Amino acid sequence: MATAQDVLKRIRDEKIQMIDLKFIDTPGTWQHLTVYYDQIDESSFTSGVPFDGSSIRGWKGIEESDMTMVLDPNTAWIDPFMKEPTLSIICSIKEPRTGEWYNRCPRVIAQKAIDYLASTGLGDTAYFGPEAEFFIFDDVRYDQTANEGYYHLDSVEGRWNTGRKEEKGNLGYKTRFKEGYFPVPPTDTFQDIRTEMLLTMAACGVPIEKQHHEVATGGQCELGFRFGKLIEAADWLMTYKYVIKNVARKYGKTVTFMPKPIFGDNGSGMHCHQSIWNKGQPLFAGDKYAGMSEMGLYYIGGILKHAPALLGITNPTTNSYKRLVPGYEAPVNLAYSQGNRSASVRIPLTGDNPKAKRLEFRCPDATSNPYLAFAAMLCAGIDGIKNKIHPGEPLDKNIYELSPEELSKIPSTPGSLELALEALENDHAFLTETGVFTEDFIRNWIDYKIANEVKQMQLRPHPYEFFLYYDC
């Protein structure tokens, strides 16, 4: 564990002049403020550095905009994308008037989730391992005006480019839809880019594991890093997204974590592995189904019970529900199984090692704010444990091949963001009665999403509507 003194000593020893302070807004985007090194002292790690929070989405009005960012010394790394040596530090937000942590700061909410877990006596540590998929494109253009609306994506390996004449000749190695997992080069054209992404992440303190092409065409990829404690896993995921986008930009390419940018091919998810430990011992290993403990099964029960509401936080965009449709390996049905990737909750086959026993919730995607998503999943799981919510019988079948009659008996995910937010409005006591989320946060979140995303999409004609209706 680093201390404020450690960070200040590093600044002096390495003669670092610029300090970049990063924090996350409510929807899940990193914001930053860069200060000269003499603006940082020990009080910056307790009281914080002042800034104007009035322009941050979902936060303060201009009449009460003064806020402070409190530096976390454990998150310091040299930013690899800045010309002048710059020390990056992740921050949480405080109210300067009261000295209290700000209840709309996602990182603060994540800490409250950990504190709540400890207060229950069930465990002292929650581990999360997110697997965030993304697309690498060569060109992206989009616009929406009064008389025009379009998007255009292009990728050097896009299946749609097999017949296009290219400057150096079209060599024909294009990934077919749903067949990108995972051919070697020359079909896979992103090996070197992914390697640089992975090694750059390591230089930023992320414990890396692997990199590979994903199922879809158009440059779908995934990098893997080791699981971590709830907040550090969210910190690593934000670093992951930052590094991947900036390395891609260096190569003249662009990255998106949109769940469904390409019609007709698989979308991008963020499968979330999770477990609870206490005093260094795993609590999800046992002699029940798939080697799980009773506690682990109850945790799954909580996730499945609250899944429709959870998706209002873990799948928080209108585009999220373009991914959650049948036929594209997406977890549409709310069931659990061992080793079965067609279930929304999977229990990985990990052998006899109790430390590896965990569950994987496959619904989330990387447009979510990881601090909020992990905190909400933990609250749902704890609710399952406390109320002994058993998940029912496992579904050890390929869900995509079930008959309509069998499928009708399995609950499914909401079909839109609006429906997920409606479920969250009707079912959020498991978040607020814990003290982790406040009623103010939930109300603000739902109102923001409805006004800025759901209604905005409803107002605009879709290009496909012209195909369907123009000649009516």
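Fair warning: this is a prediction, and the values are worked out from it, not measured in the lab.

K.L.:
In this structure, what is going on with the pairing of strand β1 (residues 18-24)? I would like to understand it.
P.N.:
One face of the sheet, then the other: side chains in a regular strand alternate in exactly this way. Counting buried positions over the seven residues of β1 gives six, a clear majority of the element. Judged from the five bridges that link them, β1 and strand β6 (residues 86-94) form a sheet pairing that is parallel. Counted as the bridge partner of L21 is I89 from β6. For β1 and strand β2 (residues 30-36), the ladder comprises seven bridges, and the chain directions are antiparallel. Bridge pairing in β2 links D20 to T34. Following β1, the chain reverses through five residues before pairing antiparallel with β2; G28 in that reversal takes a positive phi of roughly 125°.

K.L.:
How should the pattern of salt bridges be read in this particular structure?
P.N.:
A side chain with one charge may pair with a side chain of the opposite charge, provided their charged atoms come close. Here the structure, examined in full by the defined rule, presents 18 salt bridges. We note a salt bridge from K250 to E196, for which the minimum N-O separation is 2.5 Å. In this pair, K250 sits in helix α4 (residues 230-250) while E196 sits in helix α3 (residues 191-203), placing the two residues 54 residues apart along the sequence. You can call K250 exposed: its relative accessible area is 61%. Taking relative accessible area as the criterion, E196 reaches 21% and is therefore assigned partly exposed. The closest approach of N and O atoms between R443 and E425, which form a salt bridge, is 2.7 Å. Within this pair, whereas R443 is found in helix α11 (residues 439-459), its partner E425 is found in helix α9 (residues 417-426), the two being separated by 18 residues in sequence. Look at the salt bridges and you will find they share partners, linking D20, K22 and D79 into a network.

K.L.:
Can you walk me through helix α7 (residues 370-386) in this structure?
P.N.:
Because an α-helix packs 3.6 residues into every turn, residues spaced three or four apart end up facing the same way. Here α7 is 17 residues long and its end C-alpha atoms lie 24 Å apart, about the 24 Å a rise of 1.5 Å per residue gives. Burial analysis of α7 places 16 of its 17 residues in the buried class, the great majority of the element. For α7, the capping residue at the N-terminal end is N369, with a side-chain oxygen 3.2 Å from the backbone nitrogen of Y371. Of the residues trailing α7, K388 is marked for its positive phi of about 50°.

K.L.:
Where do I start with the packing of aromatic side chains in this structure?
P.N.:
Under the defined criterion, the tally for this structure stands at 22 aromatic pairs. Judged by centre distance (5.4 Å) and plane angle (80°), the ring pair of W59 and Y102 falls under edge-to-face. Residue W59 is located in the loop between β3 (49-52) and β4 (66-71), and its partner Y102 is located in the loop between β6 and α2 (106-120); the two are separated by 43 residues in the primary sequence. Judged by relative accessible area, which is 4%, Y102 ranks as buried. Through pairs of rings, three or more aromatic residues link up here, namely F134, F225, W236, Y240 and F257. Looking at K22, its charged tip hangs above the ring of Y242, at a distance of 4.9 Å from the centre. Lying over the aromatic face of F257, K241 brings its terminal NZ or CZ to 5.1 Å of the ring centre.

K.L.:
Is there a simple way to think about the pairing of strand β14 (residues 270-278) in this case?
P.N.:
Counting buried positions along β14 yields eight of nine residues, so the element is predominantly enclosed. Sheet topology places β14 next to strand β18 (residues 359-361); three bridges connect them, and they run antiparallel. What sits directly across from Q274, in β18, is L359. As judged from the two bridges shared by β14 and strand β15 (residues 281-282), these two strands associate in the antiparallel manner. Note on β15: the bridge partner recorded for W277 is P282. From the end of β14 to the start of β15, which pair antiparallel, there are two residues, and K279 there has a positive phi angle of about 50°.

Here is what the cut-offs are and how they apply
- Residues numbered from 1 in each chain as written.
- Predicted model: local features only at pLDDT ≥ 70, side-chain atom pairs only at ≥ 80, totals over all residues.
- Heavy atoms only, no water.
- Buried < 20%, exposed > 50% of the residue type's maximum accessible area, 1.4 Å probe, protein only.
- Helix = DSSP H or I, 4+ residues; strand = E, 2+ residues; numbered from the N terminus.
- Pairing = 2+ DSSP bridges.
- Salt bridge = Lys/Arg side-chain N within 4 Å of Asp/Glu carboxyl O.
- Expected span 1.5 Å × (residues − 1).
- Polar contact = N/O pair within 3.5 Å; in protein donor to acceptor, adjacent residues only side chain to side chain.
- Phe/Tyr/Trp six-rings, centres within 6.5 Å; stacked < 30°, edge-to-face > 60°.
- Lys NZ or Arg CZ within 6 Å of the ring centre and 35° of its normal.

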